[in-house]
Amino acid sequence: MISFIEMVLGTVLSSFVVVILSTFLALLVDFLFPSFSKWTRMMLIFIVIAVVLQPAFTQLTLIRDIANQISLSFVSIYPILTAAMIAAGGAFGMLNFQPAMLLFANGAIVLTESLLIPLLTAALIFDLVSRILPAVPFTKMADLIRTALLGTVSAVVAAYSIFITVGGTMSWALSGLASEPIKELIRQNVPLIGSFMTDSMGTLGRYSSGAGVFAGGWMITTIWTVALVPSLKTLLTAFFYRWTAALIEPFADKDITGIIDDIGKTLFVLCAISFLIAFAFIYTALFSIILIKLITTMK
Amino acid sequence: MVLLLQMVVVFLILLIITFAVPKLQPLLYVAIFFFVLFQLLSMVVFPFTRTIIGLFEALPDPFAKLLIGSAILFFISELIAKHIEEAGFASLAAMSHFIVKIAILGLWLHQTAALIEILSSLITK
């Protein structure tokens, strides 16, 4: 875990240093060759896109690949899982597993893969374009896309929680009384998606509690970790981007800080989207585990 | 400071030439101009550039070199183009400047290709 944080910190911190250094270099070149200043600005943007935004782009392609794989595996595995569920009969009834929920959870991934992530990429490109060519700004468009995406994802998560609480499984972890302060802390300190995060965590927690009886606590912890690592990594990267933008604002070019800040915002939305993926992963994994357990104990 | 003195001396020599042999002035001016230019380049500009590039070694590799190199190239080309223009060949000056701009773009071609690749990897599957 520590090395993972160090890795993220290292990439983003080094890019932060690169931004400062290249700003300084651009200042120097501007002083020596004033007639070159337009080009210098362009090349600074070049450096920022090619070097500093690399982690963000890697993150975006990573999440996109994960969504792609999960939606592919879902399409192949869904008929088998549903058939097995029907074969198992009423055993699933008490666990509040419904085939519709499985379809819904993974349908969200298909939606993510085919619509949400391309839209997010579009927002990213709109941001870049409006910074590179200030004469053709698309900032409102990018903001609109981001808000719409966040709204869609929140709606899907709300639908998840409705699905899950209909069966009345017991609460666990983050929804307890003791965790209220932590929830409040996350809600106020994570920009844009703080309250969304606590809500989806609560949904996940409520869901896993029902399954915990069957799968065992450690198994659930493992699945949670595996599923949430990409989301956490995205969240950390987003934080470092915004932090970098805030730190270099006094002495860097306005465009540069703007680009970094916008990318941070987009990454927060990406993190929200990746929660959908994490949820579908957790649901499918737990479902498969319980199915296997049922089949092996029935014999 | 010595360099400034040298420039003053060059200026004086040019003035003397203008008075002594007005007909040869353009030719001698060009000769002296390029002589001084190359001397200054080798004595001041290149060592200074090397120092600056060494200073910004921490930046990812080709960028500091490319930025400073192309800025200097642009500046020298501008200088020469202006000189040609003063001699009365404005279109030749524009052409030479244009060619150098293309050369600078050629230097950045590799980086541009990388950038386009990054951006297009976002939109293709």
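Residues numbered from 1 in each chain as written. Chains lettered and ligands numbered in written order. Predicted model: local features only at pLDDT ≥ 70, side-chain atom pairs only at ≥ 80, totals over all residues. Heavy atoms only, no water.

Caption draft 1: Fine view of the overall build of chain B. The helix and strand inventory of chain B stands at 5 helices and 0 strands. Listed by position from the N terminus, the elements making up chain B come as α-α-α-α-α. Here the C-alpha radius of gyration of chain B, 20 Å, is well above what a compact globule of 125 residues would show, namely 14 Å. Expressed along its principal axes, the backbone C-alpha trace of chain B runs to roughly 75 × 35 × 15 Å. Counting every position in chain B, which comprises 125 residues, the buried fraction comes to 27%. For chain B, the share of sequence-separated contacts (at least 6 apart) that also reach a separation of at least 24 residues comes to 54%. Charge-centre separation for chain B: the mean point of 6 positive side chains lies 4 Å from the mean point of 6 negative side chains. (Helix = DSSP H or I, 4+ residues; strand = E, 2+ residues; numbered from the N terminus. Rg over C-alpha atoms; globule rule 2.2 N^0.38 Å. Buried < 20%, exposed > 50% of the residue type's maximum accessible area, 1.4 Å probe, protein only. Contact = heavy atoms within 4.5 Å. Lys, Arg positive; Asp, Glu negative; His and termini not counted. Charge placed at Lys NZ, Arg CZ, Asp CG, Glu CD.)

Caption draft 2: Spotlight on the overall build of chain A. The helix and strand tally for chain A stands at 9 helices and 0 strands. Ordered by position from N to C terminus, the α and β elements of chain A give α-α-α-α-α-α-α-α-α. By the burial criterion, 50% of the 299 residues in chain A qualify as buried. Long-range contacts, defined here as pairs at least 24 residues apart, represent 81% of the contacts in chain A between residues at least 6 apart. Here chain A has roughly 13,300 Å² of accessible surface; of this, 74% comes from carbon and sulfur atoms. (Areas by Shrake-Rupley, 256 points an atom, 1.4 Å probe, with all protein chains shown as cover.)

Caption draft 3: Fine view of the packing of aromatic side chains. Within this structure, the stated rule accounts for 8 aromatic pairs over all chains. Centroid distance Phe239(A) to Phe268(A): 5.5 Å. Interplanar angle 85°. Geometry classified as edge-to-face. Residue Phe239(A) is located in helix 8 (residues 217–248), and its partner Phe268(A) is located in helix 9 (residues 254–298); the two are separated by 29 residues in the primary sequence. Classification of Phe239(A) by relative accessible area gives partly exposed; the value is 31%. Residue classification places Phe268(A) among the buried positions, given a relative accessible area of 0%. Taken together, a centroid distance of 6.1 Å and an interplanar angle of 70° make the contact between Phe240(A) and Trp243(A) edge-to-face. One end of the pair, Phe240(A), and the other, Trp243(A), are both in helix 8, 3 residues apart, so they sit about a helical turn from each other. In this structure Phe240(A) comes out as buried when scored by relative accessible area, which is 14%. Each member of the aromatic cluster is reached from another via a ring pair, and the members are Tyr29(B), Phe33(B), Phe34(B) and Phe38(B). (Phe/Tyr/Trp six-rings, centres within 6.5 Å; stacked < 30°, edge-to-face > 60°.)

Caption draft 4: Structural view of the nonpolar core. Of all hydrophobic cores here, the largest spans 92 residues; its most connected members are Leu25(A), Val29(A), Phe36(A), Leu53(A), Phe57(A), Ile260(A) and Trp108(B). By residue number, the principal contributor to this core is helix 9 of chain A, which donates 19 residues. In contact with Leu25(A), not counting residues within four places along its chain, are Ile52(B), Phe56(B), Leu59(B), Ala64(B), Leu67(B) and Ile68(B). (Core = buried A, V, L, I, M, F, W, Y, C linked by side-chain atoms within 4.5 Å.)

Caption draft 5: Representation of the pattern of salt bridges in the model. All names here are of chain A. Inspection of the entire model under this criterion finds 5 salt bridges over all chains. Where Arg146 meets Asp127, a salt bridge forms, and the shortest distance between an N and an O atom there is 2.8 Å. Taken together, the residues Arg146 in helix 5 (residues 139–166) and Asp127 in helix 4 (residues 99–132) connect sequence positions 19 residues apart. For the pair formed by Arg146 and Asp127, the shared burial category is buried. Connected through shared salt-bridge partners, Asp127, Asp143 and Arg146 make up one network. (Salt bridge = Lys/Arg side-chain N within 4 Å of Asp/Glu carboxyl O.)

Caption draft 6: Structural view of helix 3 (residues 61–86) of chain B. Across its 26 residues, helix 3 of chain B extends 39 Å between first and last C-alpha, which sits within 8% of the 38 Å expected from 1.5 Å per residue. Residue Gly88(B) follows helix 3 of chain B closely and has a positive phi angle near 105°. (Expected span 1.5 Å × (residues − 1).)

Caption draft 7: Local environment of a nonpolar patch on the surface. The grouping of Phe89(B), Leu92(B), Met95(B), Phe98(B), Ile99(B) and Ile102(B) at the surface amounts to a nonpolar patch, some 620 Å² of accessible area in total. Structurally, Ile102(B) can be placed in helix 4 (residues 90–107). (Patch = residues over 30% accessible without salt bridge, like charges linked within 9 Å, V, L, I, M, F, W, Y side chains within 5 Å.)

Caption draft 8: Up close: the interface of chain A and chain B. Tallying the contact residues gives 29 residues for chain A and 29 residues for chain B. Taken over both partners, the interface formed by chain A and chain B buries close to 2,700 Å², and the fraction arising from carbon and sulfur atoms is 87%. Counting the surface chain A buries against chain B, the share from its top three residues, Leu25(A), Phe33(A) and Phe46(A), is 22%. The interface formed by chain A and chain B contains 1 residue pair in polar contact (both at pLDDT 80 or more). Mapped onto the side of chain A that touches chain B, the elements with two or more residues apiece are helix 1 (2–32), helix 2 (37–52), helix 3 (54–88) and helix 4 of chain A. Of the residues that constitute the side of chain A that touches chain B, the class distribution is 21 nonpolar, 6 polar and 2 charged. (Buried area = accessible area lost by both parts, 1.4 Å probe. Polar contact = N/O pair within 3.5 Å; in protein donor to acceptor, adjacent residues only side chain to side chain. Nonpolar A, V, L, I, M, F, W, Y, C, P; charged D, E, K, R; others polar.)

Caption draft 9: Examining the packing of helix 2 (residues 25–55) of chain B against helix 3 of chain B more closely. Residue and element names in this part refer to chain B. Between helix 2 and helix 3, the shortest axis-to-axis distance is 12 Å and the interhelical angle comes to 170°. On the basis of their axis angle, the class for helix 2 and helix 3 is roughly antiparallel. Crossing geometry of helix 2 relative to helix 3 is assigned as right-handed. From helix 2, Tyr29, Val30, Phe33, Phe34, Leu37, Leu41, Val45, Thr49, Ile52 and Ile53 reach across to helix 3, where they touch Lys65, Ile68, Ile72, Ile76, Leu79, Ile80, His83 and Glu86. Looking at the contact of helix 2 with helix 3 residue by residue, the classes come out as 14 nonpolar, 2 polar and 2 charged. (Axes fitted to C-alpha atoms, helices over the stretch in contact; angles between N-to-C directions. Parallel < 35°, antiparallel > 145°, perpendicular 65-115°, else oblique. Left-handed = near helix turned anticlockwise from the far one by under 90°.)

Caption draft 10: Main features of the side chain of Thr121(A). As for its placement among the helices and strands, Thr121(A) is situated in helix 4. Not counting residues up to four positions away in its chain, the partners in contact with Thr121(A) are Leu60(A), Leu122(B) and Ile123(B).

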